[in-house]
Amino acid sequence: MDVRVADRTRQRARPAPTVFVRTLGCKVNRTESEQIAAALIGEGAVLGPEEEASVVIINTCTVTGEADRKARKAVRHALGAASSPVVVVTGCLAALDAEGLESLGGRVVVEPDKERVGARVSALLDVQDSPRGAVVRHGEAFRIRAGVKVEDGCDAFCAYCIVPFARGTPRSVSLRNVLSEVRALVASGTAEVVLTGINIGRYSSDGRGLAGLVEAVAGTGVRRIRISSVEPLDLTEELLGVFAATPQLCRHLHVPLQSGSDAVLASMERGYTSEEYRKRIALVRDRIADVAITTDVMVGFPGESAQDFEDTLELTREIGFTRLHVFRYSKREGTAAAAMPFQVAPEESARRARVLRGQDRHLRATYAALRRGQEAELLVEEVSNGVAGRVAVGTTGDYLRASIGADDVAPGDLLRVRLGDEVCGVLVAERL
Ligand code: SF4
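A brief look at the structure comes next. (Residues numbered from 1 in each chain as written. Predicted model: local features only at pLDDT ≥ 70, side-chain atom pairs only at ≥ 80, totals over all residues. Heavy atoms only, no water.)

Scanning the protein chain from terminus to terminus reveals 14 helices and 17 strands. For a compact globule of 432 residues, the expected C-alpha radius of gyration is about 22 Å, and the protein chain comes in at 23 Å, within 12% of that figure. Viewed in the frame of its principal axes, the protein chain has a C-alpha envelope of about 65 × 60 × 50 Å. Sorting the 432 residues of the protein chain into buried and exposed places 53% on the buried side. Of the roughly 18,800 Å² of accessible surface on the protein chain, a fraction of 52% belongs to carbon and sulfur atoms. Across the protein chain, 56 positive and 58 negative side-chain charges occur, with their mean positions spaced 3 Å apart. (Helix = DSSP H or I, 4+ residues; strand = E, 2+ residues; numbered from the N terminus. Rg over C-alpha atoms; globule rule 2.2 N^0.38 Å. Buried < 20%, exposed > 50% of the residue type's maximum accessible area, 1.4 Å probe, protein only. Areas by Shrake-Rupley, 256 points an atom, 1.4 Å probe, with all protein chains shown as cover. Lys, Arg positive; Asp, Glu negative; His and termini not counted. Charge placed at Lys NZ, Arg CZ, Asp CG, Glu CD.)

Shown next, in the form of structure tokens:
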């Protein structure tokens, strides 16, 4: 289906065509959307509101049934925009259900391959003749903490997960490309890079794994590095050794657990037991002082008994995570779990999620209380006018949101602060 936008652009006095990018799903999706947006700015497009856009790009997720529903809703919403845009749909749902998405409207263009989205949109916008060269993610549209995608795909095939089907086998961004992107971001003022991937422990390039990658990135002079998420079995002595020896590395690790029950972990095909998980976290804490551990936990997996759920509650309490991301199991056709018996009733799954989110609030409050009065390194991300003057808000190395009252700070500043009381999920701090 050939949908031309150039004609309408040429009829008007050729203002730079406007593009709107909507991102659903994970950090990797967010980083990919930023890369697509930066490339289009380099081609002469501008980012603008959806209702004025010539092209709307929707980067979809398909990790749950709810994610699919949100993606279709976003496509319909874009089709209804006043500017009658072409809607380019990419991402994981586009990889698995292109026909279904195309059937939503004649102006829908499905491009599952994110690498090709920029070129498809440029062709639609006919912007080739005003190139301004590659643009780094810098400025209002991009954040002080920039995700750097280093790996894509996964071959773990956890029983509940559709991602390996949508994103394919593991493949790494070459070390050279990662370093040149990090250097460009550093040169443009980015203070923290978040190394992202679908299964980052699978990273392999130039004879280096994840540990070697982190070492190389630290060598670029970037002020702060964060690892987005790492599977428990990838927490090797080598990685922890590099971690402990690299001061730029944020003292925070996100290590998905998914369940505290050995029976559930086995049927999820996670590849570890609760005891192995415990041991990995103990090793992390032994090698890295003051590290904050956050995690993903799923409830309602087929066959999860009341006792299994209690095991999950008990293990998350025992480990003392600083934050839990709680997910409800969502049946994904094509995954091993979709065919499993003893699907947990939706009301019971919802109840378990509520209980675990309560536990999350308790764990966050416990950690905030523990940190009160202690020092932290705050990366300022936003500065705004509050009732009592200018307020700077940002993220600490150990992944807490904190604010300080300060007139002379700017986004990107790294400050030593003393943490105080928590107010609405943000710790009020004072500058040291
Ligand atoms: S490790 Fe498991 S949960 Fe994570 S993307 Fe791979 S299959 Fe999915």
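On to the environment of Ala-78, then. Inspection of the secondary structure assignment puts Ala-78 in helix H3 (residues 65-79). According to the relative accessible area criterion, Ala-78 is buried, its value standing at 0%. Taking the C-alpha atoms as reference points, Ala-78 and Val-56, separated by 22 residues in sequence, lie 6.7 Å from one another. Residue contacts for Ala-78: discarding those within four places in its chain leaves Glu-50, Val-56, Ile-58, Pro-85 and Val-87. (Contact = heavy atoms within 4.5 Å.)

The next point concerns the sheet that holds strand S10 (residues 252-254). Spatial ordering of the open sheet is given by S10-S11-S12, a layout of three strands whose pairing is parallel. Looking at which strands have only one partner, the edges of the open sheet turn out to be S10 and strand S12 (323-328). Pairs of neighbouring strands in the sheet enclose a mean axial angle of 15°, with direction left out of account. Relative to strand S11 (residues 292-299), S10 runs parallel, the two being bridged by three bridges. If you follow Leu-253 over to S11, its bridge partner there is Ile-293. Most of the contacts of helix H14 (residues 346-371) go to S12, to which it runs at about 170°, and overall it touches S11 and S12. (Pairing = 2+ DSSP bridges. Axes fitted to C-alpha atoms, helices over the stretch in contact; angles between N-to-C directions.)

Okay, the packing of aromatic side chains next. In this description, a pair of aromatic rings is defined by centroid distance and the angle of the planes. All told, the structure shown has five aromatic pairs when counted by the stated rule. Here Tyr-160 and Phe-301 contribute two aromatic rings whose centre-to-centre distance is 6.3 Å and whose plane-to-plane angle is 85°, an arrangement assigned as edge-to-face. Of the two residues, Tyr-160 sits in the loop between strand S6 (145-152) and helix H7 (163-167) while Phe-301 sits in the loop between S11 and helix H13 (306-319), which places them 141 residues apart along the sequence. Residues Tyr-272 and Tyr-277 carry aromatic rings whose centres are separated by 5.9 Å and whose planes lie at 40° to one another, so their mutual orientation is tilted. For Tyr-277, a relative accessible area of 0% translates into the label buried. Through a chain of ring-to-ring contacts, three or more aromatic side chains come together here, namely Tyr-160, Phe-301 and Tyr-329. (Phe/Tyr/Trp six-rings, centres within 6.5 Å; stacked < 30°, edge-to-face > 60°.)

Moving on to the state of the cysteines. All chains considered together, the criterion is met by zero disulfides. The thiol sulfur of Cys-250 is not disulfide-bonded, and the nearest other cysteine sulfur, from Cys-26, lies at 19 Å. Using a relative accessible area of 3% as the deciding quantity, one classes Cys-250 as buried. (Disulfide = S-S within 2.5 Å.)

Take the sheet that holds strand S2 (residues 46-47) next. The sheet built from five strands is open, its strands ordered S2-S1-S3-S4-S5 with parallel pairing. Of all strands in the sheet, those bounded by a partner on one side alone are S2 and strand S5 (108-110). Note: strand S3 (residues 55-60) against strand S4 (residues 86-91), six bridges, orientation parallel. Across the sheet, Ile-57 pairs through a bridge with Val-88, a residue of S4.

Moving on to the pattern of salt bridges. As enumerated under the stated definition, the model contains 35 salt bridges in all. In this structure, Arg-22 and Glu-50 form a salt bridge, with 2.8 Å as the shortest nitrogen-oxygen distance. Linking Arg-22 in strand S1 (residues 18-23) with Glu-50 in the loop between S2 and S3, this pair joins segments that are 28 residues apart in sequence. Taking relative accessible area as the criterion, Arg-22 reaches 26% and is therefore assigned partly exposed. The salt bridge involving Asp-152 is made with Lys-149; its shortest N-O contact spans 3.0 Å. Linked through salt bridges whose partners overlap, the residues forming this network are Arg-145, Glu-192, Arg-224, Arg-226, Glu-377, Glu-381, Glu-382 and Arg-401. (Salt bridge = Lys/Arg side-chain N within 4 Å of Asp/Glu carboxyl O.)

Lining the immediate surroundings of the ligand are Cys-154, Ala-156, Phe-157, Cys-158, Tyr-160, Cys-161, Val-163, Pro-164, Ile-198, Asn-199, Glu-231 and Arg-270. Considered class by class, the residues forming the shell around the ligand number nine nonpolar, one polar and two charged. (Near = heavy atom within 4 Å. Nonpolar A, V, L, I, M, F, W, Y, C, P; charged D, E, K, R; others polar.)

Moving on, we come to helix H8 (residues 175-187). In this model H8 runs 18 Å from its N-terminal to its C-terminal C-alpha over 13 residues, within 8% of the 18 Å that 1.5 Å per residue would give. Here H8 has its buried residues at Leu-175, Val-178, Leu-179, Glu-181, Val-182 and Leu-185. Summarising the axial view, the buried residues of H8 lie within an arc of 160°, below the 170-degree limit, and thus occupy one face. Along H8, the residues that are exposed and aim more than 90 degrees away from the buried face are Arg-176 and Ala-187. In this structure, the buried side of H8 is in contact with helix H2 (27-42), S6, strand S8 (192-197) and helix H9 (210-218). After H8 finishes, the residue Gly-189 shows a positive phi value of roughly 105°. (Expected span 1.5 Å × (residues − 1). Arc of directions from axis to C-beta.)

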